[in-house]
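What the coordinates show
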Amino acid sequence: MGNCCARPDGKQNEKKKKKKQNPFSVDYSVNHGSGGGDTKLCVLKDPTGRDIEITYELGRELGRGEFGITYLCTDKASGDEYACKSISKKKLRTAVDIEDVRREVEIMKHLPKHPNIVTLKDTYEDDNAVHLVMELCEGGELFDRIVARGHYTERAAALVTRTIVEVVQMCHKEGVMHRDLKPENFLFANKKESAALKAIDFGLSVFFKPGEQFTEIVGSPYYMAPEVLKRSYGPEVDVWSAGVILYILLCGVPPFWAETEQGVAQAIIRSMIDFKRDPWPKVSENAKDLVRGMLNPDPKQRLTAHAVLDHPWLQNWKKAPNVSLGETVKARLKQFSVMNKLKKRALRVVAEHLSMEEVAGIKDTFDMMDINKNGKLTLVELKDGLHKIGHQIADADIQILMEAADADGNGTLDYGEFVALAVHIRKIGNDDHLRKAFDFFDKNQSGYIEIEELREALADEVDPNNEEVISAIMRDVDTDKDGQISYEEFAAMMKAGTDWRKASRQYSRERFNSLSLKLMKDGSLHVNM
């Protein structure tokens, strides 16, 4: 699951102005009860059953995110092993969260069986959680497998690209736009060299109709197409994202990056591709031609998934150069992957400390801001009120947040709309969350994360004997070079997040450091953290 900050839930028709879904609101009006005064949230429309433990035994934890935990799951009758993603209902705080889970399940059920898409086997829902029983993928992440190989070649990159684009083609044929293609969303089925690469996450995917345009800014910044930033896009964005992955596979860094979020967004809009850095001089012209076709900034001129698969470089992938692209590419990919794991681990800690208690006192804040006591906040009242309570947000950025939260489009915020906005602002502005994550790593409470603590924190992700990777992370984060990571250095890593070495953040689903983007009239991009 993942989403970016301003994220209306559904399609916007420019001709017929519909009431837009508040992207942050808690659905207080939903009554899923079955009588009495009790209201019970029902998420899934047609689950397999209620009690998962009748059929399956849940084992060790495989992973953890904001919304829930993935467990090893064993069929009691057959002994077959699966992965069970258990999503806590307490974490589904908004109508958007609930709809995202429903749609993810609907899409996985809708897609035909495919060798490169993880299979959803069963769904269960009880009073506390939604359980998705899925095919188990134990072969590790895409970049990890690449790095583990003795050498890495164009031919290997072509094979991976072909697999990813075949998934895109099938999704588009079935009327599904993925919207969040990135290396972390592809796992190998098992440890075998011949293991299939599988797409595992459809949390941001949507159904689409030919010609339909979407406006929500969603996905991970490195992989966003320029038209996503311009808020008018269709399925062509998936080919762009696959093109970004191909570029990274061939050289180890993203094609569009900068030291700030604004810089990344501007680089994407400019769409200037660098083929000069190492190892591009060694890469074949056919490969470069395909990258250009997939990263065409004009979605109408961009290659379709079908055209990508018909490209000579992929048609003749077995003839692609099998010469190593060099240790530099492998080293870059390794660092890219591991730094991403560090940030994910930190974000898991952050997610575990978010609770609905954070909305306490919002009614008093609303009443304080509502100067004329009419139950609605104007833009001026919102600006003055936010500044009074210490939120130093630029006026232009408050306008963006106001537009996103104003669900009925009447130019003011009622209390329900303000609750949504307040929760959003608190989550993106509270350094207490970062401090809790830092304290989690700082086991001896020295005020610094030392290399042994870093090694321990990443024990599940990195071989503890791989001193090279641990040292590389320490070098990147430890900017004053004193051999340890201070809170300030840790916070800078979490908040910056755009240097290729520090990897792309999971902006949306982790609901942390959300990105608000607005394309200004002069063509520049304003970004609010």
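In the nomenclature of an unreviewed UniProt entry, the protein chain corresponds to non-specific serine/threonine protein kinase from the organism Papaver somniferum. Recorded under Subcellular location (unreviewed entry), the UniProt text for the protein chain is reproduced unchanged: "Membrane". Recorded in UniProt for the protein chain, the comment headed Sequence similarities (unreviewed entry) runs: "Belongs to the protein kinase superfamily. Ser/Thr protein kinase family. CDPK subfamily."

**A closer look at the overall build of the protein chain**
Looking only at helices and strands, one finds 18 helices and 13 strands in the protein chain. Per-residue burial for the protein chain yields a buried fraction of 56% across its 529 residues. Residue pairs at least 24 apart in sequence account for 68% of intrachain contacts in the protein chain once pairs closer than 6 positions are excluded.

**With respect to the pairing of strand E2 (residues 68-75)**
In this structure, strand E1 (residues 56-64) lies alongside E2, joined through six bridges in antiparallel fashion. Each residue of the ladder has a partner; that of Gly63, found in E2, is Thr70. Note that E2 and strand E3 (residues 81-88) share seven bridges and pair antiparallel. Each residue of the ladder has a partner; that of Leu72, found in E3, is Ala83. In textbook terms, the turn of a hairpin is the stretch between consecutive antiparallel strands, and for E2 and E3 this stretch comprises five residues, one of which, Gly79, has a positive phi near 85°.

**Observations regarding empty space enclosed by the protein**
According to the stated counting rule, one finds seven cavities of 30 Å³ or more in the structure shown. As a volume, the second largest cavity reaches approximately 80 Å³. Lining of the second largest cavity is provided by 13 residues; of these, Arg179, Val218, Tyr223, Met224 and Ser241 occupy positions nearest its centre. For the lining of the second largest cavity, the residue count by class is eight nonpolar, three polar and two charged.

**Considerations on the packing of helix H5 (residues 236-251) against helix H7 (residues 285-294)**
Remark: H5 packs on H7, axes separated minimally by 8 Å, with the N-to-C direction vectors making an angle of 150°. The interaxial crossing formed by H5 with H7 has left-handed handedness. Across from Val239, Trp240, Ala242, Gly243, Leu246, Tyr247 and Leu250 in H5, the residues of H7 making contact are Ala287, Leu290, Val291 and Met294. Of the residues belonging to the contact of H5 with H7, the class tally is 10 nonpolar, one polar and no charged.

**Quick word on the packing of aromatic side chains**
Counting across every chain of the model gives 12 aromatic pairs. Centroid distance Tyr222 to Tyr223: 6.4 Å. Interplanar angle 85°. Geometry classified as edge-to-face. With respect to burial, Tyr222 and Tyr223 carry one shared label: buried. For the ring pair Tyr247 and Trp280, a centre distance of 4.9 Å and an interplane angle of 40° mean the geometry is tilted.

**Here we look at the packing of helix H3 (residues 154-173) against H5**
Where H3 meets H5, the closest approach of the two axes is 10 Å, and the angle between their N-to-C directions is 170°. What the angle tells us is that H3 and H5 run roughly antiparallel. Seen from H3, the contacting residues are Glu154, Ala157, Val160, Thr161, Ile164, Val165, Val168 and His172; seen from H5, they are Asp238, Val239, Ala242, Ile245, Leu246, Leu249 and Leu250. Per-class residue counts for the contact of H3 with H5 are 11 nonpolar, two polar and two charged.

**Focus on H3**
Taking 1.5 Å per residue as the helical rise, H3 with its 20 residues ought to reach 28 Å, and the 28 Å between its terminal C-alpha atoms agrees with that figure. When you tally the buried positions in H3, you get 14 out of 20 residues, the bulk of the element. Of the residues trailing H3, Gly175 is marked for its positive phi of about 75°.

**So, unusual backbone geometry**
A positive phi angle, near 65°, is found at Arg231, a position not held by glycine. Tracing the sequence through the fold places Arg231 in the loop between helix H4 (226-229) and H5. One non-glycine residue, Lys373, adopts positive backbone phi at about 55°.

**Looking at the confidence of the model for the protein chain**
Note: predicted coordinates in regions of low pLDDT should not be interpreted at a detailed level. Confidence in the prediction for the protein chain averages 76 pLDDT; 68% of positions are at 70 or higher. Contacts of residues 496-529 to residues separated by more than four positions or lying in other chains number 141 contacts, the stretch itself having pLDDT below 50.

**Re the pairing of strand E4 (residues 120-125)**
Among the six residues of E4, five are classified as buried, and the element is accordingly described as predominantly covered. Across five bridges, E4 lies against strand E5 (residues 129-135) in antiparallel orientation. When the sheet's bridge partners are listed, Tyr124 is paired in E5 with His131.

**Quick look at the sheet that holds E2**
If you trace the five strands from one edge of the open sheet to the other, you get E1-E2-E3-E5-E4, paired in antiparallel fashion. The outermost strands of the open sheet, each flanked by one partner alone, are E1 and E4. The average angle at which neighbouring strand axes cross in this sheet is 25°, direction not considered. Most of the contacts of helix H1 (residues 95-110) go to E4, to which it runs at about 150°, and overall it touches E3, E4 and E5.

**Brief notes about the UniProt feature "binding site: ATP" (unreviewed entry) in the protein chain**
UniProt annotation of "binding site: ATP" (unreviewed entry) refers to Lys85 when read in the numbering used here. Locating Lys85 in the fold gives a position in strand E3. For Lys85, a relative accessible area of 16% gives the class buried. Contact partners of Lys85, with chain neighbours within four places excluded, come to Ile69, Thr70, Glu104, Val130, His131, Leu132 and Met134. A polar contact is formed between the side chain of Lys85 and the side chain of Glu104, at a distance of 3.1 Å.

**Considerations on the nonpolar core**
Leu250 and Trp313 are the most contacted members of the largest nonpolar core, which has 87 residues in total. When residues in this core are grouped by element, the largest group, 12 residues, is from H5. When residues are assigned to domains, this core turns out to be shared by domain 1 (52-135) and domain 2 (140-322), each giving three or more. Not counting residues up to four positions away in its chain, the partners in contact with Trp313 are Glu154, Ala157, Ala158, Thr161, Leu246, Leu250, Ser284, Asn286, Ala287, Leu290 and Ala320. The next biggest cluster of nonpolar side chains, apart from the first, holds 19 residues, and it includes Phe441, Ile449, Ala457 and Met493.

What counts, and at which threshold
Residue numbering note: each chain is counted from 1, following its sequence as written. A pLDDT threshold of at least 70 governs which residues receive local features in this predicted model, and a stricter bar of 80 or more applies before side-chain atom pairs are shown or counted, although totals over entire chains, interfaces and linings include all residues. To obtain the side-chain values, all non-hydrogen atoms of the structure were used and water was disregarded. UniProt positions are given in the numbering used here, feature names are shortened, and annotations may be inferred rather than shown by experiment. Helical segments are the DSSP runs of H or I of at least four residues, strand segments are the runs of E of at least two, and each set is numbered from the N terminus. Buried, partly exposed and exposed residues are distinguished by accessible area as a fraction of the type maximum, computed with a 1.4 Å probe on protein chains only: under 20%, between the cut-offs, and over 50%, respectively. Here, residues are in contact when the closest pair of their heavy atoms is within 4.5 Å. By definition, two strands form a pair when at least two bridges between them are found by DSSP. Site definitions follow a grid-based scheme: protein atoms alone, a 1 Å grid, a 1.4 Å probe that fits but cannot get out for cavities, and for pockets an open set with protein on both sides within 12 Å along at least five of seven lines, plus lining residues having an atom within 4 Å of a point. Grid points are joined across faces, edges and corners, and a volume is the space filled by probe spheres set on the points. Lys, Arg, Asp and Glu make up the charged group, whereas Ala, Val, Leu, Ile, Met, Phe, Trp, Tyr, Cys and Pro make up the nonpolar group; the residues left over, Gly among them, are polar. Throughout, an axis means a line fitted to C-alpha atoms (over the contacting stretch in the case of helices), and angles, computed between N-to-C directions, take values from 0 to 180 degrees. By definition, turning the near helix anticlockwise from the far helix through less than a right angle yields a left-handed crossing, and turning it clockwise yields a right-handed one. Stacked, tilted and edge-to-face pairs are distinguished by plane angle, under 30 degrees for stacked and over 60 for edge-to-face with tilted covering the rest, among Phe, Tyr and Trp rings (Trp via its six-membered ring) whose centres lie within 6.5 Å. Our angle categories are set so that under 35 degrees counts as roughly parallel, over 145 as roughly antiparallel, 65 to 115 as roughly perpendicular, and the remainder as oblique. Expected helix span is computed as 1.5 Å times (number of residues minus one). Confidence of the predictor in every single residue is expressed as pLDDT, which spans 0 to 100. Polar contacts here mean pairs of N or O atoms no more than 3.5 Å apart (in protein, one a potential hydrogen donor and the other a potential acceptor; neighbouring residues in sequence count only if both atoms are side-chain atoms). Side-chain atoms within 4.5 Å are what join buried Ala, Val, Leu, Ile, Met, Phe, Trp, Tyr and Cys residues into a set we call a nonpolar core. Boundary definitions for the domains trace back to an automatic or database domain assignment.

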